[in-house]
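# Commentary on secondary and tertiary structure
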Amino acid sequence: MRPPRALLPLLLLVPTLAAAQGRRVTLRSGPMVGASDLREVKLWAQTTAPARVQVAYWDTAAPGVRHRTAEVLTRRDSANVAHLVADSVEPGRVYGYEVYVNGVRVARPYPLRFRTPPNWAYRTDPPAFTMLLGSCFYVREPGTDRPNSSYGDTTRIVRAMGQMGAEVMLWLGDNAYLRETDWNSWTGILRRWTHTRSLPELQPLLGATANYAIWDDHDFGPNDADRGFWNKAQTRAGFELFFANPGQGIPELGGAITSQFSWGDVDVFLLDDRWYRAPDTRKEGPRPYFGEAQIQWLIDALTTSRATFKLVAVGGQVLNPAALWENYATYPEERQHLLDLIAAERIPGVVFLSGDRHHTELTRMDRPGTYPLYDLTISPLSAGVSAPAAFEHNTGRVEGTLVNALNFGALEFSGPRRARVMTIRVYDSGGKELWTRALTAQDLGWPAAGGDEH
């Protein structure tokens, strides 16, 4: 049956209105570069409403040849987030890219690029590259902030980080701060992540650097949350939705976010210090921190790795000997078990990376008959800084490395294969260098001739 003549003008307007609404849909946050490998790069974007999203990309050495990702439809029940994959890439290249929402290109006022790691093994020396580090990223929101809090001074530091031009950014936990309004509902979780990710000054760093992440208590759940947190399946889903890590955990480890990635002669092991963790104050029964399955996976992976530098990323400190706060030292049996396994397997090149503590420091643990272990703690990006009582107990701290202010870190890897160097640099929130230290492959247990043959 034909509609009444009086309704025809209104009906004819429907497609036009829908098209106009579609054109108004744009990016809320991103794009973000995620896990970047030799043959594919993960990309991420969030739209202001459900929409079709696609990325066009090109090798900057041959800009006339363009490729496109598959088109993804964003959905309201997943915060209008799109995960895309650039799968027509070659190793060791730099690509430009642009995002299309409902077929319309969304311009960004800063460069959009991603890189693929070089395929260097058996061919050349490992590549020189830079990895940024940071943790404890708090973005203010009136009505949910802690009363009289100094948290949330974000603008200068994310701008400084975005200007570094680094290949990789490693988020070391507390990458968003779930509040009381957030952690018990999917609505709250999505709202918090959306608010944090949408910070305008953050976007250039997201758009041109490969971002990887682990979590700690504040992006897992409440303060000091552990395995007993009832809603950890949903907070894990939120974490995975808002990052584009290499995978979604190791299958045999169940719900943990554990993963791994490589760049050049560096392997990074992303550990989960929350999923299996017993309460800090638990008196009876086993007191796991990583849990035995995750420890055994890590030792297997470290033993198999042929990387010069094996970086183990953990939300909380591993080597600080003070059994205070949330240090691994408060779980002494499991901590000693892990350290004994690393020693027994004679694994060279191991360095721990951590966050959480709201101050930065380098901790050194000397070990009889073998090389010392180091734990580089980088914190905070924009949360509050520690009171002096929080850091004065670390007897393993390397002199001159304590920073009690907003800061971020960078690891620079350089040198020929037989003489590789990892240079640690720590910067204040404006990008001024505060201290630097260099660790050679030989400092980390490799023979004088250099690391393993690749």
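This text goes with the structure placed above it.
The helix and strand inventory of the chain stands at eight helices and 21 strands. Its C-alpha radius of gyration of 23 Å places the chain within 12% of the 22 Å reference for a compact globule of 454 residues. Projecting the C-alpha coordinates of the chain onto the three principal axes gives extents of approximately 90 × 55 × 45 Å. For the chain, the residues scored as buried account for 57% of the 454 residues in total.

This next bit is on the packing of helix 3 (residues 186-197) against helix 6 (residues 232-242). It is at 10 Å that the axes of helix 3 and helix 6 come closest, and there the two elements cross at 30°. When the axes of helix 3 and helix 6 are compared, the pair comes out roughly parallel. In this structure, the crossing between helix 3 and helix 6 has a hand that is right-handed. Together, Trp186, Ile189, Leu190, Trp193, Thr194 and Arg197 of helix 3 and Gln234, Thr235, Ala237, Gly238, Phe239, Leu241 and Phe242 of helix 6 make up the contact between the two elements. Partitioning the contact of helix 3 with helix 6 into residue classes produces eight nonpolar, four polar and one charged.

What follows is about the packing of helix 7 (residues 292-304) against helix 8 (residues 332-344). Running from N to C, helix 7 and helix 8 point in directions that differ by 20°, and their axes come no closer than 10 Å. Judged by the angle between their axes, helix 7 and helix 8 are roughly parallel. In this structure, helix 7 crosses over helix 8, and the sense of that crossing is right-handed. Between helix 7 and helix 8, the residues in contact are Glu292, Ile295, Gln296, Leu298 and Ile299 and Glu334, His337, Leu338, Leu341 and Ile342, respectively. Of the residues that constitute the contact of helix 7 with helix 8, the class distribution is six nonpolar, two polar and two charged.

In this section: the side chain of Asp217. Position of Asp217 relative to the elements: it lies in helix 5 (residues 217-220). Within the buried core, Asp217 has no salt-bridge partner, and the shortest N-O distance to an opposite charge, that of Arg274, equals 4.1 Å. Side-chain polar atoms of Asp217 contact the backbone nitrogen of Asp224, separated by 2.8 Å. Not counting residues up to four positions away in its chain, the partners in contact with Asp217 are Asp174, Pro222, Asn223, Asp224, Ala225, Arg274, Glu326 and Asp356.

To continue, consider helix 3. Look at helix 3: 16 Å from first C-alpha to last across 12 residues, which is about the 16 Å you get at 1.5 Å a residue. The complete set of buried residues in helix 3 reads Gly188, Ile189, Leu190, Arg192, Trp193, Thr194, Thr196 and Arg197.

The next thing to look at is the pattern of salt bridges. Where side chains of opposite charge bring their charged atoms close, a pairing between them can arise. Tallied over the full model, the rule gives 21 salt bridges. Asp265 is the salt-bridge partner of Arg420, the closest N and O atoms lying 2.8 Å from each other. In this pair, Arg420 sits in the loop between strand 19 (407-414) and strand 20 (421-428) while Asp265 sits in the loop between strand 13 (259-263) and strand 14 (266-270), placing the two residues 155 residues apart along the sequence. The burial state of Arg420 is the same as that of Asp265; both residues are buried.

A separate point is the side chain of Asp265. Asp265 gets classed as buried once you look at its relative accessible area, which sits at 2%. At 2.8 Å, the side chain of Asp265 and the side chain of Thr308 are in polar contact. Here Asp265 is in contact with Trp120, Pro126, Ala307, Thr308, Phe309 and Arg420, once residues within four sequence places are set aside.

This part is about the nonpolar core. In summary, soluble globular proteins display a tendency toward joint burial of nonpolar side chains. In this structure, Phe114, Met131, Leu170, Leu311 and Leu411 are the most contacted members of the largest nonpolar core, which totals 125 residues. Looking at this core element by element, the count peaks at six residues for helix 7. Residues contacting Leu170, with those up to four places away along its chain left out, are Met131, Leu132, Leu133, Gly134, Tyr212, Ala213, Val268, Leu270, Ala313 and Leu353. Membership of the second largest hydrophobic core comes to five residues, among which are Cys136, Tyr138, Tyr177 and Ala383.

Our focus in this paragraph is unusual backbone geometry. The omega angle of the peptide bond from Gly30 to Pro31 is 10°, so this bond is cis rather than trans. Mapped onto the secondary structure, Pro31 falls in strand 1 (residues 27-36). For Ala79, which is not glycine, the phi torsion reads 60° and is therefore positive. Note that Ala79 resides in the loop between strand 5 (72-73) and strand 6 (81-86). Classification of Ala79 by relative accessible area gives buried; the value is 9%.

Turning our eyes to something else, we now look at the environment of Ser135. Turning to its location among the elements, Ser135 is positioned in the loop between strand 10 (129-134) and helix 2 (155-162). Between the alpha carbons of Ser135 and Trp215 there is a distance of 9.2 Å; along the sequence they are 80 residues apart. Excluding residues within four positions of it along the chain, Ser135 makes contact with Leu172, Gly173, Gly355, Asp356, Ile378, Ser379, Pro380 and Leu381. Polar contacts involving the side chain of Ser135 include one to the main-chain amide nitrogen of Asp356, which spans 3.4 Å.

Gaps left between atoms show up when a probe the size of a water molecule is rolled over them. A volume near 360 Å³ is recorded for the largest pocket. Lining the largest pocket are 16 residues, and of these Asn223, Asp224, Trp325, Asp356 and His358 sit closest to its centre. Residue classes in the lining of the largest pocket are distributed as four nonpolar, four polar and eight charged.

For the rest of this paragraph, the subject is the packing of aromatic side chains. Overall, the coordinates contain 25 aromatic pairs when judged by the stated rule. Taken together, a centroid distance of 5.9 Å and an interplanar angle of 55° make the contact between Tyr57 and Phe114 tilted. Placement of the pair is Tyr57 in strand 3 (residues 52-59) and Phe114 in strand 9 (residues 113-115), with a sequence separation of 57 residues. Phe114 matches Tyr57 in its accessibility class, with the two residues each being buried. What links up through ring pairs into an aromatic cluster is the set Trp44, Trp193, Trp215, Phe220, Phe229, Phe239, Phe242 and Phe243. Directly above the aromatic system of Tyr371 lies the positively charged group of Arg367, at a separation of 4.6 Å from the ring centroid.

Criteria and cut-off values
Numbers given for residues are sequential positions, taken from 1 along each chain in its written order. Under the rules for a predicted model, residues below a pLDDT of 70 receive no local features and side-chain atom pairs below 80 are neither given nor counted, while totals for whole chains, interfaces and linings still include all residues. Derived side-chain values reflect all non-hydrogen atoms in the structure, with water molecules and hydrogen atoms excluded from consideration. Working definition: helices are DSSP H or I runs of at least four residues, strands are E runs of at least two. Numbering for both runs from the N terminus. Within these notes, the globule rule equals 2.2 Å times the number of residues to the 0.38 power, and the radius of gyration is based on C-alpha atoms. Think of it in three bands: with a 1.4 Å probe and only protein chains considered, a residue is buried below 20% of the maximum accessible area for its type, exposed above 50%, and partly exposed in between. Helix axes are fitted only over the stretch in contact, all axes being lines through C-alpha atoms; the angle between N-to-C directions runs from 0 to 180 degrees. Angles below 35 degrees are treated as roughly parallel, those above 145 as roughly antiparallel, those between 65 and 115 as roughly perpendicular, and all remaining angles as oblique. Take the far helix as your reference; a near helix turned counterclockwise from it by less than a right angle gives a left-handed crossing, and one turned clockwise gives a right-handed crossing. Whether two residues are in contact is decided by their heavy atoms: any pair within 4.5 Å suffices. Gly is placed with the polar residues, together with every amino acid not listed as nonpolar (Ala, Val, Leu, Ile, Met, Phe, Trp, Tyr, Cys and Pro) or charged (Asp, Glu, Lys and Arg). Positive charges come from Lys and Arg alone, negative charges from Asp and Glu alone, with His and the N- and C-terminal ends not counted. Throughout this description, the term salt bridge denotes a Lys or Arg side-chain nitrogen within 4 Å of a carboxyl oxygen of Asp or Glu. For this analysis, a polar contact is any N or O atom pair within 3.5 Å, provided that within protein one partner can donate a hydrogen and the other can accept it, and provided that sequence-adjacent residues contribute only side-chain to side-chain pairs. To estimate the expected span of a helix, count its residues, drop one, and scale the result by 1.5 Å. For our purposes a nonpolar core is just a set of buried Ala, Val, Leu, Ile, Met, Phe, Trp, Tyr and Cys residues, chained together by side-chain atoms within 4.5 Å. Lining residues are defined by having an atom within 4 Å of a point belonging to a cavity or pocket. Those points lie on a 1 Å grid over the protein atoms alone, cavities being sets where a 1.4 Å probe fits but cannot get out and pockets being open sets with protein on both sides within 12 Å along at least five of seven lines. Grid points are joined across faces, edges and corners, and a volume is the space filled by probe spheres set on the points. Side-chain rings of Phe, Tyr and Trp (the six-membered ring for Trp) are treated as a pair once their centres are within 6.5 Å; stacked means planes under 30 degrees apart, edge-to-face means over 60, and tilted covers the remaining angles. Placement of a charge over a ring requires the Lys NZ or Arg CZ to be within 6 Å of the ring centre, with the centre-to-atom vector within 35 degrees of the ring normal.

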